[in-house]
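Now for the letters of each chain:
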Amino acid sequence: MVRGIALLGTLLTVACGGESRPVVLDVRTDLPTALREYVEETFETAYTDIDVRFTEGAASEALEELRGAAGDGAEVTAESDAPFDVWWGADVWTLHVAAEADLLEPYRPSWVDEPGLMMASDQDAWHVLMVTPWVIAFSRDDLELARAPTDWNDLRHFRWVDEIEVLDPQRSEAGSWFVTSMLAHHERDTEVQAGLDWLTALDQQVETYAGSVTDAVRALGAGRSRLAVLLQADVESARADEAPWLYYRMPESGSPVLARGVAVVAGTRERESAQLFVEHLGTQDIVTANKLETRWQPAFGDADPARVPMDFELAQSWRPYPLDVDRIQREGAGWLDRWEREVRGR
């Protein structure tokens, strides 16, 4: 926090009468309200000179707002007055697009150098904060643990013909990210065609391309399918709410992840305050609160085990596939088109 202490002295705005008043820091996010309130309380307790104000909005809407503020393709500058100061919790694909358009201001918080699930990026425009992997979910009422698949290739066994739910890439962002992430993984190891071949083999086992996580979980509960490819955070949320019978396996060879990050917005008038806020998000206190509220895993550092209940999640080791954000951003639309024509539409 040495960097944070050094920045604190520049944060006061002086009113006409000589009285100091808090700096207003506008943070854009769509993360849960309880998490936002906890972060606001703890940050403002540590930095009484800063008033955090959250504005809620989807990542796509925030990106368009930044583009509109830049105008005519120009990058945001101090004079253009950025519409918000910190972008917290956006998916990394959208953050990457914003960085490519020079809409984010590079900053490297100290917590990216801590050991974690992800490798620190060599760019500083945005940083991964939280990840959740895809898992193989099933009902313990229907399937014994010993007979459940342990890895991705197990899904191709004849036992699972017409027994698998996969999120529809055309109706679900998570579904499209799964397809493109798998293709990026296979391209890195061999070639894209090997990924399409794997997805074709999976397609032969699919009962339904579900429109939502709820639909997939209901199919498992009703016995219409026996397996589902879903995100760990979604499965854990379902287990805690309406489906305590739900279980899952982390694929032994690793798994692609969905990732959310944070960035300082180019053109912010509150650069120092924004940097302090980003630093705060990487503290163990906030990392723990984030895990408890979202059920996502911290990308860097660890949650406080004393605050995480023993039965909070299934204890399984796993390793993430590397994030190929740049590759997926450039090739993703074409890959999805090929998947639609060569896999589902074959």
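Residues numbered from 1 in each chain as written. Predicted model: local features only at pLDDT ≥ 70, side-chain atom pairs only at ≥ 80, totals over all residues. Heavy atoms only, no water.

So, about the overall build of the chain. The helix and strand inventory of the chain stands at 11 helices and 13 strands. Since a compact globule built from 346 residues should have a radius of gyration of about 20 Å, the 22 Å found for the chain is in line with a globular shape. Its C-alpha atoms give the chain principal-axis dimensions of about 75 × 45 × 30 Å. Buried positions account for 52% of the 346 residues belonging to the chain. (Helix = DSSP H or I, 4+ residues; strand = E, 2+ residues; numbered from the N terminus. Rg over C-alpha atoms; globule rule 2.2 N^0.38 Å. Buried < 20%, exposed > 50% of the residue type's maximum accessible area, 1.4 Å probe, protein only.)

Along the chain, Asp85 falls in the loop between helix H3 (59-70) and strand S5 (86-91). The buried charged residue Asp85 lacks any salt bridge partner; its closest oppositely charged side chain belongs to Arg269, at an N-O distance of 7.8 Å. Side-chain polar atoms of Asp85 contact the side chain of Thr268, separated by 2.7 Å. Non-local contacts of Asp85, meaning those with residues more than four positions away in its chain, are made with Val24, Leu25, Asp26, Ala263, Val264, Val265, Thr268, Arg269, Glu270 and Ala274. (Lys, Arg positive; Asp, Glu negative; His and termini not counted. Salt bridge = Lys/Arg side-chain N within 4 Å of Asp/Glu carboxyl O. Polar contact = N/O pair within 3.5 Å; in protein donor to acceptor, adjacent residues only side chain to side chain. Contact = heavy atoms within 4.5 Å.)

Moving on to the side chain of Thr29. Within the secondary structure, Thr29 is located in strand S3 (residues 23-29). Take Thr29: its relative accessible area is 1%, and that puts it in the buried class. Within polar-contact distance, the side chain of Thr29 engages the backbone nitrogen of Leu31 at 3.1 Å. For Thr29, the side chain forms a polar contact with the main-chain oxygen of Trp88, separated by 2.8 Å. Here Thr29 is in contact with Arg36, Phe54, Thr55, Glu56, Gly57 and Trp88, once residues within four sequence places are set aside.

Our next topic: the pattern of salt bridges. Applying the stated criterion across every chain, the model contains 21 salt bridges. We note a salt bridge from Asp168 to Arg344, for which the minimum N-O separation is 3.1 Å. Taken together, the positions of Asp168 in the loop between strand S8 (164-167) and helix H5 (173-189) and Arg344 in helix H11 (residues 325-344) put the pair 176 residues apart, joining distant regions of the chain. Between Asp285 and Arg307 there is a salt bridge, with its nearest N and O atoms 2.7 Å apart.

Under the 1.5 Å per step criterion, the end-to-end length of helix H2 (residues 33-46) is 20 Å for 14 residues, consistent within 8% with the ideal 20 Å. The complete set of buried residues in H2 reads Leu35, Arg36, Val39, Thr42 and Phe43. All buried residues of H2 fall inside an arc of 140° around its axis, so they share one side. Turned more than 90 degrees away from the buried face of H2, the exposed residues are Glu41 and Thr45. Buried positions along H2 lie against S3, strand S4 (50-56), S5, helix H9 (271-281) and helix H10 (284-294). (Expected span 1.5 Å × (residues − 1). Arc of directions from axis to C-beta.)

Now for empty space enclosed by the protein. This model, assessed by the stated rule, comprises four cavities of 30 Å³ or more. Sort the elements by how many residues they give to the lining of the largest cavity and H10 lands first, with three residues. Partitioned by chemical class, the residues of the lining of the largest cavity number eight nonpolar, three polar and two charged. By volume, the second largest cavity amounts to about 80 Å³. (1 Å grid on protein atoms, 1.4 Å probe; cavity = no way out; pocket = protein on both sides within 12 Å on 5 of 7 lines; lining within 4 Å. Points joined across faces, edges and corners; volume = space filled by probe spheres on them. Nonpolar A, V, L, I, M, F, W, Y, C, P; charged D, E, K, R; others polar.)

To continue, consider the packing of H5 against helix H6 (residues 192-203). Following both chains from N to C, one finds H5 and H6 inclined at 135°, their axes separated by 7 Å at the closest point. Classified by the angle between their axes, H5 and H6 sit oblique to one another. Pair H5 / H6 crosses with right-handed handedness. Residues Phe178, Val179, Met182, Leu183, His186 and Glu187 of H5 touch H6, and the partners they reach there are Val192, Ala194, Gly195, Leu196, Trp198, Leu199 and Leu202. (Axes fitted to C-alpha atoms, helices over the stretch in contact; angles between N-to-C directions. Parallel < 35°, antiparallel > 145°, perpendicular 65-115°, else oblique. Left-handed = near helix turned anticlockwise from the far one by under 90°.)

A few words now on unusual backbone geometry. For Asp102, which is not glycine, the phi torsion reads 60° and is therefore positive. Tracing the chain through its elements places Asp102 in the loop between helix H4 (92-100) and strand S6 (104-105). Owing to a relative accessible area of 41%, Asp102 belongs among the partly exposed residues under this scheme. Phi at Arg295 takes a positive value of approximately 65°, unusual for a residue other than glycine. By secondary structure assignment, the location of Arg295 is in the loop between H10 and strand S13 (297-298).

On average, residues of the chain score 90 in pLDDT, and 91% of them are at 70 or above. Contacts for the low-pLDDT stretch residues 1-18, under 50 throughout, to residues beyond four places or in other chains number 28 contacts. (pLDDT = per-residue confidence, 0-100.)

Here we come to the environment of Leu258. Residue placement: Leu258 occurs in strand S12 (residues 257-265). Considering only alpha carbons, one finds Leu258 and Phe300, 42 residues apart in sequence, at a separation of 15 Å. Residue contacts for Leu258: discarding those within four places in its chain leaves Trp93, Met130, Val131, Thr132, Trp134, Trp177, Leu231 and Trp296.

We now examine the packing of H5 against H11. Contact geometry for H5 and H11: axes closest at 9 Å, N-to-C directions at 105°. By the criterion of interaxial angle, the relationship of H5 to H11 is roughly perpendicular. Counted together, Ser176, Val179, Thr180, Ser181, Leu183, Ala184 and Glu187 of H5 and Arg327, Ile328, Gly332, Trp335, Leu336 and Trp339 of H11 form the full contact between these two elements. When grouped by side-chain class, the residues that make up the contact of H5 with H11 number seven nonpolar, four polar and two charged.

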